[in-house]
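As a plain string of letters, each chain reads:
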Amino acid sequence: MDLTRAVIVHPARLSTPEQKAIAMLVEEVEKRAHVHWGTATQWPTDGTAVIALGQTSAWTDFAKAWSEAPPADTGALATEGFHLESGVRGNSPAVLLTGKSPRAVLFAVGHLLRQLRMAPGHAALPDGYHLTTSPKYPLRGHQLGYRPKTHSYDAWDLKIWEQYYRDLIVFGINAVELIPPRSDDAADSPHFPRPPLEMMTAMSKLADDYGLDVWIWYPALDPDYSKPEQIETAVKEGRAGFEKLPRIDAVLVPGGDPGHPPPRPLMNLLERQAASLRSLHPRSQMWISPQGFSTVWLDEFLSILKNESPAWLTGLV
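These numbers were taken from a predicted model, which means no experiment stands behind them.

Calculation notes
In every chain, residue numbers begin from 1 and rise along the written sequence. Owing to the predicted nature of the model, reporting of local features is limited to residues with pLDDT of at least 70; listing and counting of side-chain atom pairs is limited to 80 or more, with chain, interface and lining totals taken over all residues. Think of the side-chain values as coming from all heavy atoms in the structure, minus any hydrogens and water. Whenever a carboxyl oxygen of Asp or Glu lies within 4 Å of a side-chain nitrogen of Lys or Arg, that contact is scored as a salt bridge. A run of DSSP states H or I qualifies as a helix once it reaches four residues; a run of E qualifies as a strand once it reaches two. Both are numbered from the N-terminal end. To sort residues, take the accessible area from a 1.4 Å probe on protein chains only and compare it with the maximum for the residue type: under 20% means buried, over 50% means exposed, and anything in between is partly exposed. In summary, the pairing rule links any two rings of Phe, Tyr or Trp, Trp by its six-membered ring, whose centres are within 6.5 Å, and it sorts them by plane angle into stacked for under 30 degrees, edge-to-face for over 60 and tilted for everything else. Only when the NZ of Lys or the CZ of Arg is both within 6 Å of the ring centre and within 35 degrees of the ring normal is a charge said to sit over the ring. For each structure, a 1 Å grid was placed over the protein atoms alone; sets of points admitting a 1.4 Å probe that cannot get out are labelled cavities, open sets with protein on both sides within 12 Å along at least five of seven lines are labelled pockets, and lining residues have an atom within 4 Å of a point. Grid points are joined across faces, edges and corners, and a volume is the space filled by probe spheres set on the points. Residues are grouped as follows: Ala, Val, Leu, Ile, Met, Phe, Trp, Tyr, Cys and Pro are nonpolar; Asp, Glu, Lys and Arg are charged; every other residue, Gly included, is polar.

(A) Region of interest: the pattern of salt bridges. Scanning the model with the defined rule gives 22 salt bridges in all. Among the ionic pairs, glutamate 162 bridges to lysine 20, the shortest N-O distance being 3.0 Å. Of this pair, glutamate 162 sits in helix H5 (residues 158–170) while lysine 20 sits in helix H1 (residues 16–33), placing them 142 residues apart in sequence. This pair shows no difference in class: glutamate 162 is buried, exactly as lysine 20 is. With its nearest N and O atoms 2.5 Å apart, the salt bridge here joins arginine 264 to glutamate 308. Here glutamate 308 lies in helix H9 (residues 295–308) and arginine 264 lies in helix H8 (residues 263–280), a separation of 44 residues in the sequence. Through salt bridges with shared partners, a single ionic network connects Glu80, Arg103, Arg140, Asp208, Asp213, Arg247 and Asp249.

(B) Seen up close, unusual backbone geometry. The step from aspartate 257 to proline 258 runs through a cis peptide bond, and the omega angle for that step is 5°. Of note, proline 258 is situated in the loop between strand E12 (250–254) and H8. With phi around 60°, histidine 34 is a residue other than glycine that occupies positive phi space. Within the secondary structure, histidine 34 is located in the loop between H1 and strand E2 (38–40). Judged by relative accessible area, which is 55%, histidine 34 ranks as exposed. One non-glycine residue, serine 309, lies in positive phi territory at about 40°. For serine 309, the position within the fold is in the loop between H9 and strand E14 (315–316).

(C) Examining the packing of aromatic side chains more closely. Scanning the model with the defined rule gives eleven aromatic pairs in all. Ring geometry for tyrosine 153 against tryptophan 161: centres 5.0 Å apart, planes inclined by 50°, an arrangement best described as tilted. A single burial state applies to tyrosine 153 and to tryptophan 161, both of which are buried. On the numbers, 5.9 Å between centres and 85° between planes, the contact of phenylalanine 293 with tryptophan 297 is edge-to-face. Judged on exposure class, the residue phenylalanine 293 and its partner tryptophan 297 are both buried. The rings of Tyr153, Trp156, Trp161 and Tyr164 are connected pair by pair, giving a single aromatic cluster. Over the face of the ring belonging to tryptophan 217 we find arginine 147, whose NZ or CZ atom lies 5.2 Å from the ring centre.

(D) The layout of surface pockets, seen in detail. Of the pockets and cavities examined, the largest pocket occupies roughly 440 Å³. What lines the largest pocket is a set of 20 residues, and nearest its centre among them are Arg103, Asp213, Arg247, Asp249 and Gln285. Approximately 270 Å³ is the volume attributed to the second largest pocket. Lining of the second largest pocket is provided by 23 residues; of these, Pro180, Arg182, Tyr218, Glu237 and Gly238 occupy positions nearest its centre. Every element with two or more residues in the lining of the second largest pocket is listed here: helix H6 (196–210), helix H7 (228–242) and H8. Ranked by the residues each element gives to the lining of the second largest pocket, the list is headed by H7, at five residues. Among the residues forming the lining of the second largest pocket, the class breakdown is 17 nonpolar, three polar and three charged.

Here it is as structure tokens:
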């Protein structure tokens, strides 16, 4: 099926992730095929090839050629599941891309990009292509360490980060984990194009635009959380970062590597951190990992979980 001169037909009203999905499709095809796909909200009448793209709940807005008889297997889609098929509708070669949610539409676009056959001046997809799929795992994430520890991340500007987000999305990533300005690394890098907190804020906004979950890996690095003043300082520092980020879905605190606080002081700290976090991001989660705990500390930690069942704690890694 020749899609070289296709037009993308979509609903008139689009969420931000759906807008990003369309931009990603147009721009990534243009890079590889050197053709520009236009967009429209109405099905063409001249036989132009169509990429019909949108949520399953909006059939009549973008896929009228399918609306009377939508694919039967889309009803079983999970929230991030999508359907893709190619065929002829009316007098137009057509590809249907539809997802159960805005994020699912993004993954449908990613799958299409993997299946397209592109060369300069040409874009095609096998006719009769048909796929209905939902992800096996609800969390599919990747840590993005803007810090002087990797071979490249600390040199990337936001434009490169956006391309990397797209590369991850194409393969189904739905979450990114960011690194705060203070970790066990040097506070600065000669390669940084932006200060760490400024870049972290921009990366949170970028993830939100694409509809990706934002996690923060947040180690407890201070020397003694048995001191109330140390907890106050840590909570204040955390809040200064939390309030700048437009999106935080979860915070993961490693009990060690780095940091080495005993279980009780650590739990006292995180209870305060969780309250501060949720006052700014009400639906955010708090996770903890007891990595690095000795046998004695692990027993103490498990006893706290068993006997106190802290309501502020979402889960354990």
